[in-house]
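In case you want the letters, here they are:
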Amino acid sequence: QVQLVESGGGLVQPVESLKLSCTASGFTLGNAAIGWFRQFPGKEREGVSCISSFDGPTYYADSVKGRFTISRDNAKITVYLKMDNLEPEDTAVYYCATDTLQPTCVETNWDIIESYDYWGPGTQVTVSS
């Protein structure tokens, strides 16, 4: 059974940092691309970043480029999202997702919800002074 579980969310002040984790089970994490999304209240989920398996491409939303860094540790079956210089506008529920049959993030659809079959329950990130 494929499962993804996010952790690491919380309440931080502006310009502080957080590191989210997405721990996987039920499939071989090293063979799958993993995406991070976020959802603002009343809005649809939007793509934040995607990391491919092996040496494939990595993508970021324009709104987080230069502030967020995605990485993976296949031995720990975990994908990370390091978020620096956080802004109140980053406040959202953050989700990780995968299509276990897709090893590579695709430039044209990595940020589309329908590209992913499995989702974690999400973790709340609140940026407020």
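Here the structure is shown first, and the text comes after it.
Every value quoted in this text rests on a predicted model; they were computed, and no experiment measured them.

1. Let's talk about the pattern of salt bridges
Going through the model one piece at a time under the given rule, you end up with six salt bridges. Residues Asp90 and Arg67 are paired through a salt bridge, measuring 2.7 Å at the closest nitrogen-oxygen approach. One end of the pair, Asp90, is in the loop between strand S8 (78-83) and strand S9 (92-98); the other, Arg67, is in the loop between strand S6 (58-60) and strand S7 (68-73), and 23 residues separate them in sequence. Summarising the burial analysis for this pair, Asp90 and Arg67 share the class buried. Residues joined in a network through salt bridges with shared partners are Arg38, Glu46, Arg67, Glu87 and Asp90.

2. Considering the nonpolar core
Formed by 27 residues in total, the largest nonpolar core has its most connected members in Trp36, Leu81, Met83 and Tyr94. Looking at this core, the elements that each hand over two or more residues are strand S3 (18-25), strand S4 (34-39), strand S5 (46-51), S7, S8, S9 and strand S11 (123-127). Here the element with the most residues in this core is S3; it accounts for four residues. Apart from residues lying up to four places away in sequence, Met83 is in contact with Glu16, Ser17, Leu18, Leu20, Arg67, Phe68, Tyr94 and Val125. By size, the runner-up hydrophobic cluster in this structure holds eight residues, among which are Ala33, Cys50, Cys105 and Trp110.

3. With respect to the packing of aromatic side chains
Scanning the model with the defined rule gives four aromatic pairs in all. Consider the rings of Tyr59 and Trp110, whose centres lie 6.2 Å apart with planes at 10°: the pair is stacked. Placement of the pair is Tyr59 in strand S6 and Trp110 in the loop between S9 and strand S10 (118-119), with a sequence separation of 51 residues. Overall, Tyr59 belongs to the buried group, its relative accessible area being 19%. With a relative accessible area of 7%, Trp110 lands in the buried category. Between Tyr116 and Trp119 the ring centres are 6.0 Å apart and the planes differ by 65°, which places this aromatic pair in the edge-to-face class. In textbook terms, an aromatic cluster arises when at least three aromatic residues are bridged by ring pairs, as seen for Phe37, Tyr116 and Trp119. A cation sits over an aromatic face here: Lys19 above Tyr80, 4.5 Å from the ring centre.

4. Re the state of the cysteines
As enumerated under the stated definition, the model contains two disulfides in all. Paired through a disulfide, Cys22 and Cys96 show a sulfur-sulfur distance of 2.1 Å. On the sign convention where negative means left-handed, the S-S torsion of about 75° between Cys22 and Cys96 marks this disulfide as right-handed. Of this pair, Cys22 sits in strand S3 while Cys96 is found in strand S9, placing the two residues 74 residues apart along the sequence. Owing to a relative accessible area of 1%, Cys22 belongs among the buried residues under this scheme. At a sulfur-sulfur separation of 2.1 Å, the disulfide partner of Cys50 is Cys105. Torsion about the S-S bond of the Cys50 and Cys105 cystine: about -90°, corresponding to left-handed handedness. Taken together, the residues span a long stretch of sequence, with Cys50 in strand S5 and Cys105 in the loop between S9 and S10 at a distance of 55 residues. Judged by relative accessible area, Cys105 falls into the buried class, the value being 4%. Of note for the chain: the bonded cysteines, numbered N- to C-terminal, pair according to 1-3, 2-4.

Rules of the game
Residues numbered from 1 in each chain as written. Predicted model: local features only at pLDDT ≥ 70, side-chain atom pairs only at ≥ 80, totals over all residues. Heavy atoms only, no water. Salt bridge = Lys/Arg side-chain N within 4 Å of Asp/Glu carboxyl O. Helix = DSSP H or I, 4+ residues; strand = E, 2+ residues; numbered from the N terminus. Buried < 20%, exposed > 50% of the residue type's maximum accessible area, 1.4 Å probe, protein only. Core = buried A, V, L, I, M, F, W, Y, C linked by side-chain atoms within 4.5 Å. Contact = heavy atoms within 4.5 Å. Phe/Tyr/Trp six-rings, centres within 6.5 Å; stacked < 30°, edge-to-face > 60°. Lys NZ or Arg CZ within 6 Å of the ring centre and 35° of its normal. Disulfide = S-S within 2.5 Å.

None of this, on its own, says anything about what the molecule does.
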